[in-house]
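# Working through the structure, step by step
Listed here are the chains, written in short residue letters.
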Amino acid sequence: MKSIFLKRGKEESLRRFHPWIFSGAIHHMSEEPKEGEKVMVFTSEDEYIATGHFQIGSIMVRVLSFDNEDINQHFYERRLAIAKDVRQRIGVLGGDNNTYRLVHGEGDNLPGLVIDIYGNTAVMQAHSVGMHIDRQMIAKALKTVMGDDLKNIFYKSETTLPFKAELGQENGFLLGGDTNDVAMENGLKFHVDWLRGQKTGFFVDQRDNRSLLEHYSHGRKVLNMFCYTGGFSFYAMRGGAELVHSVDSSQKAIDLTKANVELNFPDDPRHEAFAEDAFKFLDQMKTPYDLIILDPPAFAKHKDALHNALKGYTRLNKKAFEKIQPGGILFTFSCSQAVNKDQFRTAVFTAAASAGRNVRILHQLHQPADHPINIYHPEGEYLKGLVLYVE
Ligand code: SAH
């Protein structure tokens, strides 16, 4: 294995188990590793400190282990077994739920790897070249850990890998291939489009927040803005909403939403879906909604886009505050990792003040337990939300 030597003092964050090594921390390398190769990392005193995947970029090493161990199939089996045990303890396996995140990158000490489970199909996503190179080994380890519960592994990394052109074909089955594309979340059914869908096909991270919404939906006129595959909409319908309108700028998302609502509530006249821009829809809407969900895509993918992102959240939430009925409930989210809880809350506060509404915070929401945050990697906290009562 090739070796990387750090500059003096740059081992500090690794002693606190932070799993990233930035290019600026590196003093020299024994030999330039290939992208995705496993490397051993040493302090300036030549002391072993970590093993990880090498990649060209600002994060040069993603740490897999702080113990001097081999990164082989057994290593992945051990990590995956712990990830599975965590999910068993959370209680997301079985019952009327067969959809959950099994591996959440750094949160499960596997930086660059995401695995979502939909029934007996796993959708695996590599966000680093190292995980891409190890994909067959990980697939074997996954099969060993999951046993007969796992029939298919779909590998979907076309949009998540850097330099994808040089890595060849990224989407395809590593195991099986005969999937039932209907999965279940808390007893509600939905189609998963492994091939073309965003992320791994469904936004698994909103499960708990959708359940909470169901609780607030009885008798309400609901607007599900940025609906994607309609997750919040079918929960609102089960919760007894009077009407549910789903809006997304993508026609494909609207088609998926309609199909999913139909799967759970065939021919239910309470639901309508609109392919429309959010801002335009909010400006022109006539229906007096008293429950609005705002779950936009990440407005800031990087720190330098932060200022504009905060302005975007303020502008969007202001429109909702201006339009929502008195006594209305607003579920508002940000999934931008670059925007922290306080910044998001300030953006929503600014929106409420400029709309002149009296607003109470009822719940502060976050990502669910199957998207754990490694305590040494606070960057892993990305989803935040507020449930607000608007007088
Ligand atoms: N709430 C969804 C996830 C939302 S993802 C769920 O629970 O699954 C964000 C969605 O916003 C995407 O589907 C994207 O198509 C949509 N979107 C992006 N920009 C938009 C805009 N300007 N107006 C409306 N929808 C938009």
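### Looking at the sheet that holds strand β1 (residues 2–6)
If you walk across this open sheet you meet the six strands as β2-β6-β5-β4-β1-β3, and the pairing is mixed. One side of each edge strand has no neighbouring strand; the edge strands of this open sheet are β2 (20–22) and β3 (26–29). The average angle at which neighbouring strand axes cross in this sheet is 35°, direction not considered. Strand direction decides the pairing type here: strand β5 (residues 48–54) and strand β6 (residues 59–65), joined by four bridges, are antiparallel. Residue pairing in the sheet places Thr51 in a bridge with Ser65 of β6. Across the sheet, helix α2 (residues 73–90) touches β5 and β6, and the angle it forms with β6 is around 80°.

### Description of a nonpolar patch on the surface
A cluster of nonpolar side chains, namely Phe17, Ile375 and Tyr376, defines an oily patch on the protein surface of about 340 Å² accessible area. Relative to the helices and strands, Tyr376 is located in the loop between β19 (359–366) and β20 (384–390).

### With respect to the site of the ligand
Close contacts around the ligand come from 15 residues, with Arg210, Asp248, Asp277, Ala278 and Asp295 the closest. In the model, a nitrogen atom of the ligand is placed 3.0 Å from a nitrogen or oxygen of the Ser249 main chain. The side chain of Asp277 places a nitrogen or oxygen atom 2.8 Å from a nitrogen atom of the ligand. For the ligand, the accessible surface in isolation is 580 Å², of which the surrounding protein chains cover 88%. Broken down by class, the residue content of the shell around the ligand amounts to seven nonpolar, three polar and five charged.

### A short note on the side chain of Glu77
Checked against the element boundaries, Glu77 lands in helix α2. Of the side chains bearing the opposite charge, Arg78 lies closest to the buried Glu77, which forms no salt bridge; the N-O distance is 7.3 Å.

### With respect to the pattern of salt bridges
Using the criterion set out here, one finds 21 salt bridges in the structure. Among the ionic pairs, Arg210 bridges to Glu185, the shortest N-O distance being 3.0 Å. Of this pair, Arg210 sits in helix α5 (residues 207–216) while Glu185 is found in strand β12 (residues 182–185), placing the two residues 25 residues apart along the sequence. When sorted by exposure, Arg210 lands in the same class as Glu185, which is buried. Three or more residues are tied together by salt bridges with common partners; here these are Lys2, Glu31 and Glu37.

### Observations regarding α2
Under the 1.5 Å per step criterion, the end-to-end length of α2 is 26 Å for 18 residues, consistent within 8% with the ideal 26 Å. Those residues of α2 that sit buried are Phe75, Tyr76, Glu77, Arg79, Leu80, Ala83, Lys84 and Arg87. The secondary structure elements touched by the buried residues of α2 are β5, β6, β7 (99–104), β8 (113–118), α3 (129–133) and α4 (135–146). In this structure Asn72 caps α2, since a side-chain oxygen of it lies 3.1 Å from the backbone nitrogen of His74. Phi turns positive one or two residues past the end of α2, at Gly91, with a value near 90°.

About the criteria used
- Residues numbered from 1 in each chain as written.
- Predicted model: local features only at pLDDT ≥ 70, side-chain atom pairs only at ≥ 80, totals over all residues.
- Heavy atoms only, no water.
- Pairing = 2+ DSSP bridges.
- Helix = DSSP H or I, 4+ residues; strand = E, 2+ residues; numbered from the N terminus.
- Axes fitted to C-alpha atoms, helices over the stretch in contact; angles between N-to-C directions.
- Contact = heavy atoms within 4.5 Å.
- Patch = residues over 30% accessible without salt bridge, like charges linked within 9 Å, V, L, I, M, F, W, Y side chains within 5 Å.
- Areas by Shrake-Rupley, 256 points an atom, 1.4 Å probe, with all protein chains shown as cover.
- Salt bridge = Lys/Arg side-chain N within 4 Å of Asp/Glu carboxyl O.
- Near = heavy atom within 4 Å.
- Polar contact = N/O pair within 3.5 Å; in protein donor to acceptor, adjacent residues only side chain to side chain.
- Nonpolar A, V, L, I, M, F, W, Y, C, P; charged D, E, K, R; others polar.
- Buried < 20%, exposed > 50% of the residue type's maximum accessible area, 1.4 Å probe, protein only.
- Lys, Arg positive; Asp, Glu negative; His and termini not counted.
- Expected span 1.5 Å × (residues − 1).

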